[in-house]
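Structural description and commentary
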Amino acid sequence: MNRISCMTLGTVAATLAVTATAGFPWDEIADDIALTSGGTFSSAEIAYAGFNFAGGETLTLNLYSMDGAPTPGSFGFATPGSLLYSQTLPITAANDGRVTFTDAAPSVVLPSTVAVGLVFDIDFPNSQAGPLLFDPPTGGSSFDDFWVRGFEGDADWALRVIDLPGGLFLPVNFGIELSTTDGLVYANLANPLLLADGSQAYLAVPEPGTWISMGGVGLLAASVLYRRFRQAKAG
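A quick note: this is a predicted structure, and the numbers were derived from the prediction, not measured. (Residues numbered from 1 in each chain as written. Predicted model: local features only at pLDDT ≥ 70, side-chain atom pairs only at ≥ 80, totals over all residues. Heavy atoms only, no water.)

**Observations regarding the packing of aromatic side chains**
Using the following cut-off: In summary, the pairing rule links any two rings of Phe, Tyr or Trp, Trp by its six-membered ring, whose centres are within 6.5 Å, and it sorts them by plane angle into stacked for under 30 degrees, edge-to-face for over 60 and tilted for everything else. Each helix is a run of DSSP H or I of at least 4 residues and each strand a run of E of at least 2, with the numbering of both proceeding from the N terminus. The buried label applies to any residue whose accessible area, calculated with a 1.4 Å probe on protein chains only, is under 20% of its type's maximum; exposed applies above 50%, and partly exposed to all values in between.
As enumerated under the stated definition, the model contains three aromatic pairs in all. Ring centres 4.7 Å apart and planes at 55 degrees place the aromatic pair Phe41 and Tyr85 in the tilted group. Taken as a pair, Phe41 in strand E4 (residues 39-51) and Tyr85 in strand E6 (residues 83-90) lie far apart in primary sequence, 44 residues in all. Classification of Phe41 by relative accessible area gives buried; the value is 0%. Between Phe51 and Tyr202, the ring centres sit 5.7 Å apart and the planes meet at 50 degrees, which makes this aromatic pair tilted. In this pair, Phe51 is assigned in strand E4 and Tyr202 in strand E18 (residues 200-203), connecting sequence segments 151 residues apart.

**Things to note about unusual backbone geometry**
Residue Pro136 is reached from Asp135 by a cis peptide bond, and omega for that bond is 0 degrees. Mapped onto the elements, Pro136 comes out in the loop between strand E10 (128-131) and strand E11 (141-143). The backbone of Asn52 sits at a positive phi, close to 60 degrees, despite the residue not being glycine. Considering the arrangement of structural elements, one finds Asn52 in the loop between E4 and strand E5 (58-65). Judged by relative accessible area, Asn52 falls into the exposed class, the value being 60%. Positioned with a positive phi, Phe75 is a non-glycine residue whose angle comes to about 55 degrees. Mapped onto the elements of the fold, Phe75 is located in the loop between E5 and E6. On the basis of relative accessibility, which here comes to 10%, the residue Phe75 falls in the buried class.

Here you go:
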């Protein structure tokens, strides 16, 4: 098993560091994905990493239609909107954790594009957790950016990327398998995203003081980058 590396939220191109305050520094993160077909939701498997758990940690899965109004942080794109499904399950500390959400009486019809929202209830900052990253998907497609709600007190959904040197982006695609009653409609658990040192990346809560701000000049630059960058990674 590869070692696990934490990728902090934000962009290394920005220069203004901010400090996380008490409590979880975001409310929710999400990955919007295009399914191979719509259908009635039956189950979702999420891959995550978790460390230093004290007991009682949970993960909430929220499935949204991408019908929300654009926000200042979405750069004109529709946002996660109508809540289709929600379930909370316990999780345990693991380098390569898996948790499966199952609808015992399937009735929720999914559109062809959904946002998979994740809420990690952990003892921050003593604990860390976040979705493992895989790329490319082997079924369906995903943009290489991700959504954040509640970061720095912003109640709206906003898009974020992780910059790499040379104008490149780290593909932030959560480890997800999503099935309907007709079968698997999105698959992204086959290709772990490995960093240069051979470790697998996960999107996690960093220690206080390691946040990178998207404010000011950084946000203005990102708005231009998104219009060029937001292209789907297909399996």
